[in-house]
Structure formats: structure tokens, C-alpha cells
Amino acid sequence: MAVEPEHASVNGRKKPQRPQRTHREVADELRARIRSGVLRPGQRMPTQAQLAAEFGVERQAVRGALRILQSEHLLTNISKGAPATVAERADRAAAGPAAPPQPTTVALAPRIASAFEAEHVHVDAVCLTAVSLTLAMGEPLRQIYAGRLKPAKVDVRVLLPSRSIDLAFPVPVGGRQGHDDPVHERWLAQRNAQGQVLRHNLLALRATHGIDVRVTFRALPFTPPVKLYLLNNTEALFAYYTVTRSEAQIGQESLPTYDAQGVRSMLFAFEQGDGLRDTTFVEQSHLWFNALWETISSELELTD
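Treat the numbers as computed from the prediction; the structure is a model and nothing was measured. (Residues numbered from 1 in each chain as written. Predicted model: local features only at pLDDT ≥ 70, side-chain atom pairs only at ≥ 80, totals over all residues. Heavy atoms only, no water.)

Caption draft 1: Seen up close, the overall build of the chain. Of regular secondary structure, the chain possesses seven helices and 13 strands. Across the 304 residues that make up the chain, the buried fraction comes to 45%. In the chain, the share of contacts with a sequence separation of at least 24, taken over all contacts with a separation of at least 6, comes to 72%. If you sum the accessible surface of the chain, you get close to 16300 Å²; carbon and sulfur atoms cover 50% of it. (Helix = DSSP H or I, 4+ residues; strand = E, 2+ residues; numbered from the N terminus. Buried < 20%, exposed > 50% of the residue type's maximum accessible area, 1.4 Å probe, protein only. Contact = heavy atoms within 4.5 Å. Areas by Shrake-Rupley, 256 points an atom, 1.4 Å probe, with all protein chains shown as cover.)

Caption draft 2: Geometry of helix α6 (residues 182-209). Here α6 contains 28 residues, and its C-alpha end-to-end distance of 40 Å stays within 8% of the 40 Å for a straight helix at 1.5 Å per residue. When we look at burial in α6, the residues that qualify are Val183, His184, Trp187, Leu188, Arg191, Asn192, Gly195, Leu198, Leu202 and Leu205. In this fold, the buried residues of α6 make contact with α5 (131-145), β5 (153-161), β6 (171-172), β7 (212-220), β10 (243-250) and β11 (253-260). Two to three positions downstream of the cap, the backbone nitrogen of Val183 sits 3.0 Å from a side-chain oxygen, assigning the N-cap of α6 to Asp181. Where α6 terminates, the next one or two residues include Gly210, which has phi positive at roughly 65°. (Expected span 1.5 Å × (residues − 1). Polar contact = N/O pair within 3.5 Å; in protein donor to acceptor, adjacent residues only side chain to side chain.)

Caption draft 3: Broad picture of helix α3 (residues 59-71). Spanning 13 residues, α3 covers 18 Å between terminal C-alpha atoms, matching the ideal 18 Å at 1.5 Å per step. All buried positions along α3 are accounted for by Ala61, Val62, Gly64, Ala65, Leu66, Ile68 and Leu69. Positive phi appears at His73, one or two residues downstream of α3, with a value of about 65°.

Caption draft 4: Here's a closer look at the packing of helix α4 (residues 104-115) against α5. At their nearest, the axes of α4 and α5 sit 8 Å apart, and the two run at 40° to each other. As far as their axial angle goes, α5 and α4 are oblique. Between α4 and α5 lies a crossing of right-handed hand. Two secondary-structure elements touch here, α4 through Thr104, Leu108, Ala109, Ile112 and Ala113 and α5 through Ser132, Leu133, Ala136, Met137, Glu139, Pro140 and Gln143. Its residues assigned to classes, the contact of α4 with α5 comprises eight nonpolar, three polar and one charged. (Axes fitted to C-alpha atoms, helices over the stretch in contact; angles between N-to-C directions. Parallel < 35°, antiparallel > 145°, perpendicular 65-115°, else oblique. Left-handed = near helix turned anticlockwise from the far one by under 90°. Nonpolar A, V, L, I, M, F, W, Y, C, P; charged D, E, K, R; others polar.)

Caption draft 5: Structural view of the sheet that holds strand β12 (residues 266-271). The strand order across the open sheet formed by eight strands is β3-β12-β9-β8-β4-β5-β7-β13, and the pairing between neighbours is mixed. The sheet is open, and its two borders are formed by β3 (102-103) and β13 (298-299), each paired with just one other strand. Note: strand β4 (residues 120-126) against β5, seven bridges, orientation parallel. Note on β5: the bridge partner recorded for His120 is Lys153. The strands touched by α6 within the sheet are β5 and β7, with β7 carrying the most contacts at an inclination of about 165°. (Pairing = 2+ DSSP bridges.)

Caption draft 6: Molecular detail of the packing of α5 against α6. Their axes nearest at 9 Å, the elements α5 and α6 cross at an angle of 15°. With respect to α6, the element α5 is oriented roughly parallel. The two elements α5 and α6 meet at a crossing, and its hand is left-handed. Of the residues in α6, those touching α5 at Val131, Leu133, Thr134, Met137, Leu141, Ile144 and Tyr145 are Gln190, Gln194, Val197, Leu198, Asn201, Leu202, Ala204, Leu205, Thr208 and His209. The residue makeup of the contact of α5 with α6, split by class, is 11 nonpolar, six polar and no charged.

Caption draft 7: The arrangement of the packing of aromatic side chains in detail. Inspection of every chain in the model, using the stated rule, returns five aromatic pairs. Both rings, one in Phe238 and one in Tyr240, keep their centres 5.0 Å apart while their planes meet at 80°; by these two values the pair is edge-to-face. By relative accessible area, Phe238 is classed as buried at 16%. On the accessibility criterion, Tyr240 (51% relative accessible area) is exposed. Following the ring pairs from residue to residue traces out a cluster consisting of Phe238, Tyr240, Phe270 and Phe281. We note Arg157 situated over the ring of Trp293; from NZ or CZ to the ring centre the distance is 5.1 Å. Sitting over the ring of Trp293, Arg218 keeps its end group 6.0 Å from the ring centre. (Phe/Tyr/Trp six-rings, centres within 6.5 Å; stacked < 30°, edge-to-face > 60°. Lys NZ or Arg CZ within 6 Å of the ring centre and 35° of its normal.)

Caption draft 8: Region of the structure containing the nonpolar core. Residues Phe116, Leu133, Met137 and Leu202 are the most contacted members of the largest nonpolar core, which totals 45 residues. Here Leu202 is in contact with Phe116, Met137, Leu141, Val156, Val213 and Val215, once residues within four sequence places are set aside. Counting 20 residues, the second largest nonpolar core, distinct from the first, contains Leu30, Met45, Leu69 and Val86. (Core = buried A, V, L, I, M, F, W, Y, C linked by side-chain atoms within 4.5 Å.)

Below, the structure is given as C-alpha cells:
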């Protein structure tokens, strides 16, 4: 059988086809460059032809990606004749009624970095493992070490599920079998590791920059069905944990589980002052968090 030309290489071996990226994947990459400052506000984007060549896609996919970023107010001046321009202040994630929901990995870091511009930073969080929060804290930490941010005080409070409860998720599809549950133990190890890294990274700011830092964890007696981040008493970022069936690789064994991928959850932003709806949501979210913190939560030790 003859080898198809597009799969042939000079030595006669088959060359594997690389799956072509979708317009959404291209948009995700360009969005990350804008958020990280690689593409700066006011800067001209590469041409559509250059982007198509870089990503190995058709121009139609590039145009689709650019339209997504334009709808998110990250790009302006999109046309066939000239490169698009990165919008002014595109490095800030929008909040309020006009803000489109975005994946946690995209939206959380720039909002937390913005919160760290305050002299006294308050961050409250309800989550399952603190993975997203720990990742997002990397952005303000980088800016602090680069000398672009210098808060005087940082106060972080995190509510996580207690190790002693029967989690709703993650769980084996067939349910827990006695006390020996590798899925629960894997979640616990992840919760503890992420919390310890978060605490260590923030407390290090005391020695390196003289910032007054306090990081506190408390345990919830239930599995939170949502994740919530409250920033400086003025913003609330909210996402659902959507449970799906997946395979968990534990040691040499693959176990079917019910779990939620929190880093991919769509994050909805609410900001105090952006109308009655947003203001009320932020206020009620703080009341809810403080009520849990002060009543049914308990001390949490991030140890095995």
C-alpha cells in the first residue's frame, strides 16, 4: 500500500499527524499571553497570517479566536486589513454585569493580582483543595518580587472540607469500601499539600519583604458544591463544581470516580458598586462565609 504524501517523510517512515488546534485553543493561548503581559495593552497583535503559521491552523480558526477575545474586551480594531490591537487595561479581568464568565485558570490570577494593589489585602476562599487559589497566587507573588506590588498586610482565610467527613466527591463510582479509600486519601494529600504550599509562599513575604501576613485554614463539615473567592470585601468570584465520571490513576490502578475539575470551572465575577444585584451578592457572600467561619467550621491541621 502506498504511503499517503502528507504522512511521508524523507526516510520513508510515516510522520504522525498533529491534531490541528481549535479556534478556542488558539484563543486560550493568546488570552494567556495578554494576561501575563507578554502582549501588552496598546500593542499590535501579529497578523492573522503570522498567527495561522505559528499555530498551524487555517485563518478561519485565527479569526474565530480573535472574535472571542474581542467579545471579552481584550482586543480592538479587528479587521481583515490590519492586525488587531490589545485593548487598554486588557491585563485586568473585567468584573461586574458586563464581565463574561471565564475558566478559573484564566480569571482568578489577574483578579487576585489586582486585589494585591491594596495596602491591606483580604482574600477569603471556600474550595475543595485550594489548587486554583495556590496557582493564582503565583501572579501577585511574582509582581511583589519584581517590585511592582508592595501591600503592607495580607490576610487570607480558607475554608476546606474536613478530613473526617464522607466527601460527596471525589468518590469511587461504587462508593467507599470501608475506611481504606485510596480516592479519599489522594484528595486529602492534595488538600494538605496545596494548603501547605499556599501558606509557605505567603508567609515567606514576611522575611523577604517585611509584609505582615496571616494565613488561616478552617475545616467544613460538608463538601462545598461551589467555590467562592472574596477579594478585599468588594469582589466575589463564584463557580460551580460540576461532578463528572472520570478515571483516577492511583498507583498502578485506574479507578472510576465521580469528581470535579475545579480549575476548569467557569468563574462568575461580581463587584460591589456595579448595581444592586452585584452589590447584594458580594454582601451576602461575605455574610455566608463569615457565618460558616464563626459557627460550624473547626480547626484544620494540614498534616497527614
